[in-house]
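Now for the letters of each chain:
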Amino acid sequence: MEKRYHTGTFLINEDSTIVSVNPYICHLTNKTEADIILQPLEHLFCSEEDALIHITGKHIPVFFEKSRIIIAEQEFTLYIVWNEDVELENHPIYKTITNETNDMISIIDSSTRIFFSSPSHQTYLEQAPSLFEKRSFLEFIHEDDHAVISHIINVVFEKNEKHTINFRIKGSGDHIVVKGSFNPVIGKNKEVQYIVILMRDIHIQNKDVENIVEREQRFKSLFDQNPDFVFSLDLDFCFTDINDAMLDATGFTRNEIMDRPFSTLITPDYFSKTVVSLLEVKNGIRKTYDTVMIKKQGNPIFVSLSLFPIFVHNKLVGIHGIAKDVSNKKQYEKRIYQLAYTDTLTNLPNRAKFQKEIINTFHLAEKNNKKFALLFFDIDNFKDVNDSLGHFAGDVLLKSTASRIKSLLPDHCQLYRMSGDEFTVIIEKFHRKNELTEIAKIILEGFKKTFDIEGDEILISSSIGIATYPEDTNNTDDLVRYADSAMYFSKKRGKNFYSFFNDTMIKRQSEQFHLNGSLRKAIENNEFRLHYQPIIDANTGKLTSAEALIRWYSPDQGVISPGIFIPLAEVSGMIHSLGTWVIQEACRQLKEWKAKGYQVVPISINVSGKQFDRQDVYRTIHRNLKKFGLEARLLTIEVTETVAMKKKQNVLNVLHKLKSLGCGLAIDDFGSGYSSLSYLKDFPVNRLKMDKTFTDGIISDSKMKQVVQIIIDLGHVLDLEVIAEGVETEDELKILKAIGTDGIQGYYFSKPLPAEGFEKKYFIK
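Keep in mind that this is a model prediction, so the values were computed, not measured.

### Some remarks on the overall build of the protein chain
Reasoning step 1: Each helix and strand in the protein chain was counted, giving 27 helices and 34 strands.
Reasoning step 2: Here the protein chain holds 765 residues, and 47% of them are scored as buried.
Reasoning step 3: Residue pairs at least 24 apart in sequence account for 55% of intrachain contacts in the protein chain once pairs closer than 6 positions are excluded.
Reasoning step 4: With an accessible surface of roughly 39300 Å², the protein chain has 50% of that area assigned to carbon and sulfur atoms.

In structure tokens form, the structure reads like this:
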């Protein structure tokens, strides 16, 4: 099969299982893709030896790099592998040495086991080379020569000495007398690891002489015509020969480069490594590594360089070099790096790059006794942009945000996109906290200008959290967590804020975490109760309806305010189960009161905006009305003004269905959000409940009284019943009655009561 790859790649998941492999890995190991995929890493790669594992079990030394990458929010490790030995094996010069030579070549280890035999063994011994491998070399030696050859092998391994001797090997008939050269090969531990044995039949030496010219011509042809850079150096490391491919690539003429030191063609960054490598080759060690050569015009060429010694009559006379242009490989590496460490949407460094850089920043700060800061921010209400304008608009907003904020930040600040609408900034240099404050203000200022998204002018804000090393923590994971906590604290302050981390934030988060765990068990443990607050006719003083309000009776913490657990339920997703329970419990209570013979009144239920997202509110209400045999008029569904506007279409769809079913419908907390009556004509509601802030200011502020009057009058024009919430005093009641309020709800008449208390106070059989 023709090779089309010069770089091997494979991908492993967090469990170290191989999930992807390219054809070059299969080529190197002689395994199929099916042999490799879904196997553990150790099936393919030996980490201790930096080697791929061939199908035969042989270890193939490789150079490799690995990187962590994120794909669809899942983390993988990418291995990039190069095997210079295999490349050299396939090189024409190497093949000439091993395949075209008439000499027999065997390679043995310290146990005398043969693990390589050249094809020429077939010619002299009439046996395939594969039959020799894994057998002892001494098996093929004449019995009378056995002891001396065994001794020579031991001396070569122990003393690193080369030996040449005539001896006899077993042929197909008579023994063959050969001149054998035993050459040590130094391993990684600086000790002799293998012996290369070159054996020449002394009876054909004359014939070999006749072939010298032919072999030299073959070598010269391969040297000159090779597409790779091939050159020779003398022992002073100056050029003695160079092929046309290298001249064409570098732009030099032969006269300009001959007798010139090889190191002058290497970039300064690799100069010292090149000198050391040449000295090692001069000591008989072959070297293979990546380096950068310089063209005549000064442009770089990335090459994979192999240097190996030239021996004539066992004497080092020079150095051969083969350089393979790997510029395309470097471009591939650059692309892989970019994919691994760059966010494709914003072109900012991504989470993987951030994790790498914050560790580097931490080590530098620790080493130099410096401090640094982490700033964590996101886009407030980003989900609303996706919901209202679509995800494409959301992507445009993220790109615009990244571009704008990056252009505003000082040079010593590095911006990263973590995920979604979350960004971080590593600030490496600061002396006082007010410097961090200024950077946070720069970011907030950047959001004050509108963003042009598909022709729509969008105005958004950001919430920012700041944590510092070493003041807040000397642990990078905690630093990220603390900055994130500070950001959410900014959101709770009302958004468009920045906050520095402090210990109370973690304590509060911990409390919420434990509360969240308790909340999940509360419904199963029947810890919730509904309380009922009456709504009174302002003119007659009679009970007209009641609002069901949820309470949590925790066995560990007592009564927990809805202001604490309702937001937590919305964030955690428990609001759906909680909302369903409220609807079911209100219907069950109505059925119980009716069974007792009471003249029941409609019960109002608050529905969260999250429940409208799932579009299952109608089905839940309809199912429970049917289950408990209730008329739909006995339920009034309340939705806040803010939810009605933000989720207008979802809310409208559900409200129209509920109206056709016969339920009462109300806008709650009117005045706390958009404070506009113009949208009310679109909603099929029959009741408007004014926010408590209107009631609070109606006595002390004459203008507030006029505002309330306008709301009531316009509400009546739209045939809406207007209810005042939060009425606590007789004076408030008198004013509200005088200006035409239809209903009153508040502590003046009653606080929310448990079902038993409400029953005793308001129901008559």
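The discussion continues.
### Looking at the packing of aromatic side chains
Each aromatic ring pair is characterised by the separation of its centres together with the angle its planes make.
Reasoning step 1: One pass over the structure, following the stated rule, counts 25 aromatic pairs.
Reasoning step 2: Pairing F231 with F239 gives two aromatic rings, centres 5.6 Å apart and planes at 70°, and the pair type is edge-to-face.
Reasoning step 3: The exposure class assigned to F239 is buried, which follows from its relative accessible area of 0%.
Reasoning step 4: Here the aromatic rings of F758 and Y762 are separated by 5.0 Å at their centres, their planes lie at 35°, and the arrangement is tilted. Pair noted here: F758 and Y762 are both in helix α27 (residues 755-762), with a separation of four residues, about one helical turn.
Reasoning step 5: Each residue in the set Y532, W593, Y598, F758, Y762 and F763 is aromatic and connected to the rest through ring pairs, giving one cluster.
Reasoning step 6: In this structure, K353 is placed above the aromatic ring of Y341, and the distance from its NZ or CZ to the ring centre is 5.6 Å.

### Observations concerning the nonpolar core
Reasoning step 1: Counting 74 residues, the largest nonpolar core has F528, W593 and I621 as its most contacted members.
Reasoning step 2: Residues in contact with W593, not counting those within four places in the same chain, are Y532, Y598, V600, I603, A755, F758, E759 and F763.
Reasoning step 3: If you look at the next biggest cluster of nonpolar residues, it comprises 32 residues, including I427, L444, F451 and I458.

### Looking at the pattern of salt bridges
Reasoning step 1: Evaluated as defined, the whole model comprises 28 salt bridges.
Reasoning step 2: Among the ionic pairs, R113 bridges to D109, the shortest N-O distance being 3.3 Å.
Reasoning step 3: Classification of D109 by relative accessible area gives buried; the value is 12%.
Reasoning step 4: With a closest N to O distance of 2.7 Å, D380 and K491 form a salt bridge. In this pair, D380 sits in the loop between β18 (372-379) and α13 (382-389) while K491 sits in helix α16 (residues 476-492), placing the two residues 111 residues apart along the sequence. For the pair formed by D380 and K491, the shared burial category is buried.
Reasoning step 5: What you see here is one network of salt bridges that share partners, running through E585, R588, E592, K596 and E759.

### Thoughts on helix α6 (residues 146-159)
Reasoning step 1: For α6, spanning 14 residues, the distance from its first C-alpha to its last is 20 Å, which sits close to the expected 20 Å at 1.5 Å a residue.
Reasoning step 2: Those residues of α6 that sit buried are I149, I152, I153, V155, V156 and F157.
Reasoning step 3: Buried residues along α6 sit in contact with β8 (104-108), β10 (163-170), β11 (175-186) and β12 (192-201).
Reasoning step 4: Phi for N160, located one or two positions after α6, is positive at around 55°.

### Structural notes on the sheet that holds strand β5 (residues 59-61)
Reasoning step 1: Sheet architecture is open: three strands sit in the order β3-β4-β5, paired in antiparallel fashion. The sheet is open, and its two borders are formed by β3 (45-46) and β5, each paired with just one other strand.
Reasoning step 2: Taken together, the two bridges between β3 and strand β4 (residues 51-53) define a ladder with antiparallel strand orientation. Pairing of F45 across the sheet is with L52, part of β4.

### Focus on the sheet that holds strand β19 (residues 413-419)
Reasoning step 1: Taken in spatial order, the five strands of this open sheet run β19-β20-β18-β23-β24, and their pairing is mixed. Edge positions in the sheet fall to β19 and β24 (498-500), since each has one partner strand and no second. Neighbouring strand axes in the sheet, compared pairwise and without regard to direction, differ in orientation by 20° on average.
Reasoning step 2: Lying on the sheet, helix α12 (residues 351-368) is in contact with β18, β19, β20 (422-427) and β23 (462-469); it crosses β19 at an angle near 140°.

### Quick word on empty space enclosed by the protein
Rolled over the atoms, a probe sized like a water molecule indicates the empty space that remains.
Reasoning step 1: Under the definition given, this model contains three cavities of 30 Å³ or more.
Reasoning step 2: There is about 60 Å³ of room inside the second largest cavity.
Reasoning step 3: Forming the boundary of the second largest cavity are M104, S106, I114, H121, L125, F132, F137, F140, I169 and M199.
Reasoning step 4: Only β8 and α5 (120-125) provide two or more residues apiece to the lining of the second largest cavity.

### Side note on helix α23 (residues 648-661)
Reasoning step 1: Here α23 spans 20 Å end to end across 14 residues, near enough to the 20 Å set by a 1.5 Å rise per residue.
Reasoning step 2: Buried within α23 we find V651, L652, V654, L655 and L658.
Reasoning step 3: Just beyond α23, the residue with positive phi is G662, at close to 115°.

### Examining the pairing of strand β17 (residues 315-325)
Within a regular beta strand, the side chains point alternately toward one face of the sheet and then the other, so they alternate between its two faces.
Reasoning step 1: Both strand β13 (residues 229-233) and β17 contribute to a ladder of five bridges, which runs antiparallel. Across the sheet, L233 pairs through a bridge with I319, a residue of β17.
Reasoning step 2: Two strands pair when backbone bridges link them, and strand β16 (residues 300-312) and β17 are joined in this way by ten bridges, in the antiparallel orientation. What sits directly across from V312, in β17, is K315.

### Focus on unusual backbone geometry
Glycine aside, residues mostly have negative phi, and peptide bonds are mostly found in the trans state.
Reasoning step 1: Y469 connects to P470 through a cis peptide bond whose omega is 0°.
Reasoning step 2: Considering the arrangement of structural elements, one finds P470 in the loop between β23 and α16.
Reasoning step 3: Despite not being glycine, T112 has its phi angle at roughly 70°, a positive value.
Reasoning step 4: Of note, the phi angle at N347 is positive, near 65°, even though the residue is not glycine.
Reasoning step 5: Its place among the elements puts N347 in the loop between α11 (327-341) and α12.
Reasoning step 6: Take N347: its relative accessible area is 55%, and that puts it in the exposed class.

### Some details on the confidence of the model for the protein chain
Reasoning step 1: Mean pLDDT over the protein chain works out to 84, with 87% of the residues at or above the 70 mark.
Reasoning step 2: Note that residues 1-5 has pLDDT below 50 and, in this model, seven contacts with residues that lie over four places away or in other chains.

### Details of the pairing of strand β9 (residues 114-117)
Reasoning step 1: Relative to β9, β8 is paired through three bridges, and the arrangement is antiparallel. Residue pairing across strands places I107 opposite F116, the latter belonging to β9.
Reasoning step 2: In this antiparallel pair of consecutive strands, β8 and β9, the connection spans five residues, and T112 shows a positive phi of 70°.

### Brief notes about a positive patch on the surface
Reasoning step 1: Where like charges cluster on the molecular surface, the positive patch consists of K591, R619, R623, K627 and K657.
Reasoning step 2: Residue contributions to the positive patch peak at three residues, all from helix α21 (residues 617-628).

### Concerning the packing of α12 against α16
Each pair of packed helices gets described by two things: the angle between the helix axes and the distance between those axes.
Reasoning step 1: Their axes nearest at 10 Å, the elements α12 and α16 cross at an angle of 115°. Between α12 and α16, the angle falls in the class roughly perpendicular. For the element pair α12 and α16, the recorded crossing hand is right-handed. Across the interface between the two elements, F354, I358 and F362 of α12 pack against T476, L479 and V480 of α16.
Reasoning step 2: A class-by-class count of the residues in the contact of α12 with α16 yields five nonpolar, one polar and no charged.

Thresholds, definitions, all that
- Residues numbered from 1 in each chain as written.
- Predicted model: local features only at pLDDT ≥ 70, side-chain atom pairs only at ≥ 80, totals over all residues.
- Heavy atoms only, no water.
- Helix = DSSP H or I, 4+ residues; strand = E, 2+ residues; numbered from the N terminus.
- Buried < 20%, exposed > 50% of the residue type's maximum accessible area, 1.4 Å probe, protein only.
- Contact = heavy atoms within 4.5 Å.
- Areas by Shrake-Rupley, 256 points an atom, 1.4 Å probe, with all protein chains shown as cover.
- Phe/Tyr/Trp six-rings, centres within 6.5 Å; stacked < 30°, edge-to-face > 60°.
- Lys NZ or Arg CZ within 6 Å of the ring centre and 35° of its normal.
- Core = buried A, V, L, I, M, F, W, Y, C linked by side-chain atoms within 4.5 Å.
- Salt bridge = Lys/Arg side-chain N within 4 Å of Asp/Glu carboxyl O.
- Expected span 1.5 Å × (residues − 1).
- Pairing = 2+ DSSP bridges.
- Axes fitted to C-alpha atoms, helices over the stretch in contact; angles between N-to-C directions.
- 1 Å grid on protein atoms, 1.4 Å probe; cavity = no way out; pocket = protein on both sides within 12 Å on 5 of 7 lines; lining within 4 Å.
- Points joined across faces, edges and corners; volume = space filled by probe spheres on them.
- pLDDT = per-residue confidence, 0-100.
- Patch = residues over 30% accessible without salt bridge, like charges linked within 9 Å, V, L, I, M, F, W, Y side chains within 5 Å.
- Lys, Arg positive; Asp, Glu negative; His and termini not counted.
- Charge placed at Lys NZ, Arg CZ, Asp CG, Glu CD.
- Parallel < 35°, antiparallel > 145°, perpendicular 65-115°, else oblique.
- Left-handed = near helix turned anticlockwise from the far one by under 90°.
- Nonpolar A, V, L, I, M, F, W, Y, C, P; charged D, E, K, R; others polar.

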